[in-house]
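# Commentary on secondary and tertiary structure
Chain by chain, the residues run as shown.
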Amino acid sequence: MVLLGIAVAMCSCTPRGGDGAQGKEIQEGKNSGDSDHAPSGEHVWNLTELPKPESAVRVTSLKYLSDGAVRISTGDAHFEHAAVMDSRDGGRSWEAADAATSPELEDEVIGKYYSAKGVPFAYSSMELILSADSGTEEKTVRMEEGETIFSADVSADTLAVLVLEEMQFHLKIYDLQTMECRYLEDPELSEFLARAADHAGGQISLDSQGNFLYIEGTGIGRYDLTQDRFGYLIGEELYDELINPNQENGLIHDLGIRDHFAVKDGEDQVLLSVSSPVSEQSKLYLLERGAPKEEKQVQKEKLRIYSLKESAIRQAATLFQEKYPELEVTFEIGCTGGNGVTLQDAIRTLNTELMAGEGPDILILDGLPADSYAKKGMLEDLTDLVEPDKENYFYNIISAYNGGERIYQMPLEFCVPVILGDADTVAVKNRRELMEVLRKKAGTGIPFMVSKNISEAALELFITSDIVGETINEVKLADYYRDLDTIADLCFSDGERDLFPVGDKMAYWAEQYPGVGFCPELDLYFGEAQAGITRIEALWDYMKILPLCREKGLSYQYLNRENGNYFIAVSVLGISSGGKNPDAAKQFLRFYLSGETYGDGAYPYFPVIRELAAGSRYVSEEGESVGGTSRKHTPDQTMDMYKLTPAELKDFTAFLDGLDTPVKDDAVVMQKVMEQAEACLFKGKDPESAAADACREVNLYLSE
Amino acid sequence: MSFCAVRKCVRKMIMKYEMEIKKMVSLYYFRLSAARGGRSRDRWGLAFVLPSLAGVLAFYVLPYLDVIRRAFVRTMTGEFAGLSNFRQVLGNPAFCLAAANTARMMGVSVPILVVCSLMLAVPLQKGIQGGTWYKSGLLIPMAIPAASVVLLWQCIFARQGFLNGLLHLFGIPGTDWMNTGYAFAILVFSYVWKNLGYSVILWIAALEGIPAEIHEAARIDGAGEWVIFFRITVPNLFSAFFTITVLSLINSFKVFREAYLVAGDYPDESIYMLQHLFNNWYRNLDVDKMAAGAVLSGAVLLALVSLFWKRWEGK
């Protein structure tokens, strides 16, 4: 016992060389970055969000001037109505700058750029113009053939230009007195630039004397132009921690897309401008070296959101956290696919937590046994929360998804499987009629549908069919396989089945469900197919269908509408009745339904919130052009697209209002059925045995 | 009789009584100390057994009692459900299939294992050349982790596996062994292969418990080896039969591991066991059904064990 005691004591007294040393190293790195000039000791970089000038939506440039002021140029959401603002208190308050007008340049990079002395300059991909200053003339710098200006900065007599050449960054330094140019060829710098290119970096900034060049990438690099030496102002690891503040909680942890930055002389302040892809606005952040902030250890209320797979709700959770900092929001993904945890393992782990009363507050029910949870009383009744404002939502979707009864599962988004084609095609109400039309139209020289559309067609036809009841009907399934085989016979060219890529086959798309499928609109528009089966997932998709209706006399209709007008629900939310914070969970749902989480119309699926469609950027009185879409990227193969007019939106809204039946999209069933469909179409398996095999596997699952 | 003779006689009697009394006293003290020692041993024994007993109580008995309770209630609401959970389970085709497969697995694999292991144990116990090595060899499958066994099975029985390769050499078409009716035979083989060594060791221990004199006496009386085996050895092994059969039954439940690792949640119908079903029910959080199913299968096992006990232990 004595010996044991001595041994334990010795172990506990052993200096933890490795760990200790490493811990210290990290701490030092965090404190001082890798700066040569960094004050040693207890200084750390603190991140603070700065206010933007009122009316500024986007920040298009920023610079520390020689007198210590900060100058930014701003614009509205569409980068118009530019304004130049100065701040003399480090970005805490803003006033209109007394700045000279910047030179005009064709195809110039957006933003009003100024040197440290406040001389305006502008640049395009090929040239840079620096305005005249007292005693100097306007200067123009042109790039060599093959070089593209990526970013530029001017301080004192130094012009630094980061050029992109053959997908690689190079730095060019000009002496503005002599206009001599030199390339920086330091190997460490080159390596840093290469990594910056891979990590969406590449902004540069000069100090006011033009002696130090800073580059933003994996960390902030500093190049001493007087001594030709590369180092780090902020190391990679520390920078990553600073710009990913919510990393631990599973929220979208990037501050945003880093647009511009500037380093103050003395290197104790760095200004960052980032833009959020969600709100499509810029934000200003100040990285300031100083004493560590003493954060009060406040016990926050927690809100746990769980999703089996990656979900768009993560974005909403991030915005919710921003809006309610008094809560601690965590977003958990059960099956990331990276750690060997299967979907089944993840569900079992979740069930154990739920049984133990330690489950999450909010469940994203996609892929979870939601009906079973609802039946067992594990989900909160949301009827009273949703029903009072039902006219604000596509309530037909919400109600149909819950079987017209109390609302336990709240579909937040949806999309619609449709059939595209002429009047005969869209008139079909079931697969039998579709096959008749297909046979009638075969032999016209144009395939009924293009071969690449067959996987999506197979999937959509299955989930909107009546093949699955309590169990799978083997006869109906065999018929379905036979019909698919016929479609393939009539739509595939000779030998095409043998060369059909795996990524276009059914099993792959079943696995990706509800991920995007094929887009047959272009084939119909350019006369390469007579019909198509696809999904309308958002207004953008509908805008691709409109030219077919306007210019080609084609139309669209619900798919397999004999038994109902089918829709696919996505991002279905449930609130756990055993959750620890039901109030916060309901608050989150209200926040989501307020529409704040959606940008200006750029959402992947239709939200159930009605007004989002009406307020979208894709709707206007004139229905003007919004560009074109093409698969071949040639002008003659481009389909022009136009915004929806309010009348068209009204018609389409009425179409969405007609949806009344959720598809049968059980992941296990789809996967097995599509595997057999693939075997049938591409491996020559006969439909009867394929149906028998699918039933043997799936019916056991369904009968459990 | 002279006085001296009388005195001698009396002294003898006194000595005799003294001896008797001494004997009685020493016997009394012996019994007293034995009783004291026994009680003390009981207490120590109980102290040693207690942690294990507490473990069994905490991790098996109490949870199982809770399972029994849950079988009669709605899990989430706690509302009394009567026999509806049992009706639901018994009317579930997946349960019927899984129960039938599990019963078939026990009915086929346990007798094969018990008989084969006894057949091997008898010669090994008598001592054959290289018996020790052979015994060790039989135990090796127990030491191999299930995951490795599964990998081996996959290499052998996969559509592109060794077995099909071998058959192909002889022009025999192969098959997907794990996704056809053959899967059951493979699973039985896997179970017997894995548990054979353990059962052989148990049989050898039981065989060594039979006194050699009985066998010798029978041989002297002219009995042959088969007569000795069936009339003397087998009747003396009934108690071991009980233990080995119960252990084999319990182990037969563990083949689920291999079946699950080879073929996942939904294997070929022939090897879809109760544990597959329970595992899948848990995914849907069908705790009521799981509890009722566990009570039903527990009851069947209990009945079976009681039957063996009565038959072979005579209790």
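Residues numbered from 1 in each chain as written. Chains lettered and ligands numbered in written order. Predicted model: local features only at pLDDT ≥ 70, side-chain atom pairs only at ≥ 80, totals over all residues.

## Concerning the sheet that holds strand β11 (residues 158-165) of chain A
Residue and element names in this part refer to chain A. What counts is decided by this rule: We treat two strands as partners when DSSP finds at least two bridges between them. Each helix is a run of DSSP H or I of at least 4 residues and each strand a run of E of at least 2, with the numbering of both proceeding from the N terminus. Axis geometry follows a simple rule: fit a line to the C-alpha atoms, using only the stretch in contact for helices, then measure angles between N-to-C directions, giving values from 0 to 180 degrees. Any residue pair is listed as a contact if its two C-beta atoms, each placed from the backbone, are within 7 Å.
In space, the four strands of this open sheet follow the order β10-β11-β12-β13, with antiparallel pairing throughout. A strand with exactly one partner marks an edge of an open sheet, and here the two such strands are β10 (148-155) and β13 (180-184). Going from strand to strand, the sheet's axes swing by 25 degrees on average, the running direction of each strand aside. Across seven bridges, β10 lies against β11 in antiparallel orientation. Within β11, the residue paired with Val 154 across the bridge is Leu 159. The sheet strands contacting helix α3 (residues 187-198) are β12 (168-175) and β13, and the helix crosses β12 at an angle near 125 degrees.

## So, the nonpolar core
Residues and elements named next belong to chain A. Worth spelling out the cut-off: For our purposes the nonpolar core covers buried Ala, Val, Leu, Ile, Met, Phe, Trp, Tyr and Cys residues that link as a set through C-beta atoms within 7 Å. In this scheme every C-beta is placed from the backbone, and a residue whose C-beta has 20 or more other C-beta atoms within 10 Å is buried, one with 12 or fewer is exposed, and one in between is partly exposed.
Ranked by size, the top nonpolar core spans 176 residues in total, and within it Ile 397, Phe 414 and Ala 458 carry the most contacts. For Phe 414, the contacting residues outside a window of four places in its chain are Ile 397, Phe 567, Ile 568, Ala 569, Val 570, Tyr 605, Phe 606 and Val 608. Ranked by size, the runner-up nonpolar core spans 64 residues in total, among them Ala 56, Phe 192, Leu 213 and Leu 233.

## What about the domain arrangement of chain A?
Quick reminder of the rule: In this document the domain limits rely on a domain assignment from an automatic tool or a database.
Domains assigned within chain A are domain 1 (32-290) and domain 2 (414-562 + 664-703). Taken over C-alpha atoms, the centre of domain 1 of chain A sits 51 Å from the centre of domain 2 of chain A.

## Quick word on the interface of chain B and chain A
To keep it simple, the criterion reads: Under the grouping applied here, Gly and all other residues not named as nonpolar or charged are polar, the nonpolar ones being Ala, Val, Leu, Ile, Met, Phe, Trp, Tyr, Cys and Pro and the charged ones Asp, Glu, Lys and Arg.
If you look at the interface, chain B gives 17 residues, while chain A gives 17 residues. For the side of chain B that touches chain A, the elements supplying multiple residues, two or more each, are α3 (93-126) and α12 (274-283) of chain B. When residues of the side of chain B that touches chain A are assigned to their parent elements, the largest contribution, five residues, is made by α12(B). Taken together, the residues of the side of chain B that touches chain A sort by class into nine nonpolar, four polar and four charged.

## As for the sheet that holds strand β2 (residues 58-64) of chain A
Residues and elements named next belong to chain A. If you walk across this open sheet you meet the four strands as β2-β3-β4-β5, and the pairing is antiparallel. Looking at which strands have only one partner, the edges of the open sheet turn out to be β2 and β5 (95-96). Pairing of strand β3 (residues 70-75) with strand β4 (residues 83-87) involves five bridges; the strand directions are antiparallel. What sits directly across from Ser 73, in β4, is Val 84.

## A closer look at the pairing of β13(A)
Residue and element names in this part refer to chain A. Burial analysis of β13 places just zero of its five residues in the buried class, which makes it a mostly uncovered element. Summarising the sheet, β12 and β13 pair through five bridges and their orientation is antiparallel. Each bridged residue has a counterpart across the sheet, and for Ile 173 the counterpart in β13 is Arg 182.

## Comments concerning the environment of A:Ile220
With respect to the secondary-structure elements, A:Ile220 resides in strand β16 (residues 219-224). For A:Ile220 and A:Gly231, which are 11 residues apart along the polypeptide, the C-alpha to C-alpha distance reads 9.0 Å.

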